[in-house]
Amino acid sequence: GENVEQHPSTLSVQEGDSAVIKCTYSDSASNYFPWYKQELGKGPQLIIDIRSNVGEKKDQRIAVTLNKTAKHFSLHITETQPEDSAVYFCAASGNDMRFGAGTRLTVKP
Amino acid sequence: GAVVSQHPSWVICKSGTSVKIECRSLDFQATTMFWYRQFPKQSLMLMATSNEGSKATYEQGVEKDKFLINHASLTLSTLTVTSAHPEDSSFYICSADSGALSEQYFGPGTRLTVT
């Protein structure tokens with residue numbers, strides 16, 4: 001089955017800096033890679049996703065890159081703001097969807 | 001679009017009682033819904049996948065007689081925790097597959113506390 005690894009587990013940045021979270025996956029059949037943001041006491045919210053036929057996707061301050069050959073994908077947040085502070089989960093989906101362990105991002109004002 | 005609701009948002013029950021959690025897709029039909037469990041500071045653990053009109057598929061290690069799942073319609077799935085024990089206390093989250101190429105949308109979660 002699919003195995004998704006996510007790094008780092010915690011990340012602290014200064015407001016305005018960039019944050020990068022990386023994930024690797026094992027199943028070459030995975031073709032859909034979403035990223036979720038989870039705030040305390042709430043359900044995960046889909047913030048961006050990418051499919052295997054695309055190498056990069058951007059939505060305002062958020063971007064995701066995918067390297068199918070190396071089986072890794074990354075989330076990039078630019079110009080971070082305190083409200084970006086949350087736990088971020090990557091996931092890989094082929095036959096089923098598996099999640100990374102999560103990254104707790106703290107943006108210091 | 002793609003809004004999923006859960007009810008209740010939190011519940012406290014006594015050990016030995018049963019609790020039902022509802023998951024609804026509000027603006028789309030979901031042929032597949034998923035139930036997850038999340039412990040503090042941990043990732044999402046898939047419990048079961050439910051398809052409308054058929055029996056749920058449970059992940060290994062999840063007791064199907066304890067966690068009853070009913071997917072009665074294309075917009076509603078329920079999870080019943082039977083004979084609840086304190087170790088069942090957790091954050092339960094559902095998600096619904098919009099059908100649009102694997103996209104899952106999550107509900108806000110239900111915090112269950114068993115005393």
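Everything quoted here is computed from the prediction, not taken from an experiment.

Undergrad: Describe the overall build of chain A, naming the residues involved and giving the relevant values.
TA: For chain A, the count of helices and strands is zero helices and 11 strands. Scanning chain A from its N terminus toward the C terminus, one meets helices and strands in the order β-β-β-β-β-β-β-β-β-β-β. Taken against the 2.2 N^0.38 rule, which gives 13 Å for 109 residues, the C-alpha radius of gyration of chain A at 13 Å falls within 12% of a compact globule. The dimensions of chain A, computed from C-alpha atoms along their principal axes, are 40 × 25 × 20 Å. Counting all 109 residues of chain A, 44% fall into the buried class. Residue pairs at least 24 apart in sequence account for 52% of intrachain contacts in chain A once pairs closer than 6 positions are excluded.

Undergrad: Pulling in residues and values, what's your account of the side chain of D84 of chain A?
TA: Residue and element names in this part refer to chain A. Along the chain, the position of D84 falls in the loop between β8 (72-77) and β9 (86-93). Among the residues examined, D84 registers a relative accessible area of 7% and is labelled buried. Discounting chain neighbours no more than four positions away, the residues touching D84 are K37, R61, I77, E79, L105 and V107.

Undergrad: Give me the lowdown on the sheet that holds β8 of chain A, citing residues and values where you can.
TA: All names here are of chain A. An order of β1-β3-β8-β7-β6 is seen for the five strands of this open sheet, with the pairing classed as antiparallel. The two strands at the open ends of the sheet, each matched to only one other strand, are β1 (4-7) and β6 (56-59). Across the sheet, the mean angle separating the axes of adjacent strands is 15° when strand polarity is ignored. In this sheet, strand β3 (residues 19-25) lies alongside β1 in antiparallel orientation, the contact comprising four bridges. Paired with Q6 across the two strands is C23, which belongs to β3.

Undergrad: Explain the sheet that holds strand β8 (residues 76-81) of chain B residue by residue, including any values.
TA: Residue and element names in this part refer to chain B. Here four strands make up an open sheet; going across it, the order is β1-β3-β8-β7 and the pairing antiparallel. Single-partner strands in this sheet number two, and they are β1 (4-7) and β7 (67-73). Pairwise comparison of adjacent strand axes, ignoring direction, gives a mean angle of 15° for this sheet. Where strand β3 (residues 19-25) and β8 come together, six bridges link them in antiparallel fashion. Bridge pairing in β8 links C23 to S77.

Undergrad: Quick one: what's the story with the pattern of salt bridges, residue by residue and with numbers?
TA: The final tally for this structure, using the stated rule, is nine salt bridges over all chains. Ionic pairing is found between R98 of chain A and E59 of chain B, a salt bridge with its closest N-O pair at 3.1 Å. With one member in each of two chains, R98 of chain A in strand β10 (residues 97-99) and E59 of chain B in the loop between β6 (57-58) and β7 form a pair that bridges those chains. Ionic contacts of the salt-bridge type, sharing partners, join the residues K37, E39 and K42 of chain A into one network.

Undergrad: With reference to specific residues and values, describe the side chain of S30 of chain A.
TA: Residue position: S30 of chain A is located in the loop between β3 and β4 (32-38). With residues up to four places along the chain from it excluded, the contact list for S30 of chain A reads E2, Y25, S52, A92, S93 and G94 of chain A.

Undergrad: Mind laying out the state of the cysteines, listing which residues take part and the relevant values?
TA: In a disulfide, the sulfur atoms of two cysteines are covalently bonded to one another. Residue and element names in this part refer to chain A. For the coordinates displayed, the defined rule picks out two disulfides over all chains. For C23, the disulfide goes to C90, at an S-S distance of 2.0 Å. Across the S-S bond linking C23 and C90, the dihedral sits near -100°, which makes this disulfide left-handed. Of this pair, C23 sits in strand β3 while C90 sits in strand β9, placing them 67 residues apart in sequence.

Criteria and cut-off values
- Residues numbered from 1 in each chain as written.
- Chains lettered and ligands numbered in written order.
- Predicted model: local features only at pLDDT ≥ 70, side-chain atom pairs only at ≥ 80, totals over all residues.
- Heavy atoms only, no water.
- Helix = DSSP H or I, 4+ residues; strand = E, 2+ residues; numbered from the N terminus.
- Rg over C-alpha atoms; globule rule 2.2 N^0.38 Å.
- Buried < 20%, exposed > 50% of the residue type's maximum accessible area, 1.4 Å probe, protein only.
- Contact = heavy atoms within 4.5 Å.
- Pairing = 2+ DSSP bridges.
- Axes fitted to C-alpha atoms, helices over the stretch in contact; angles between N-to-C directions.
- Salt bridge = Lys/Arg side-chain N within 4 Å of Asp/Glu carboxyl O.
- Disulfide = S-S within 2.5 Å.

By themselves, these are just geometric observations and shouldn't be taken as functional.
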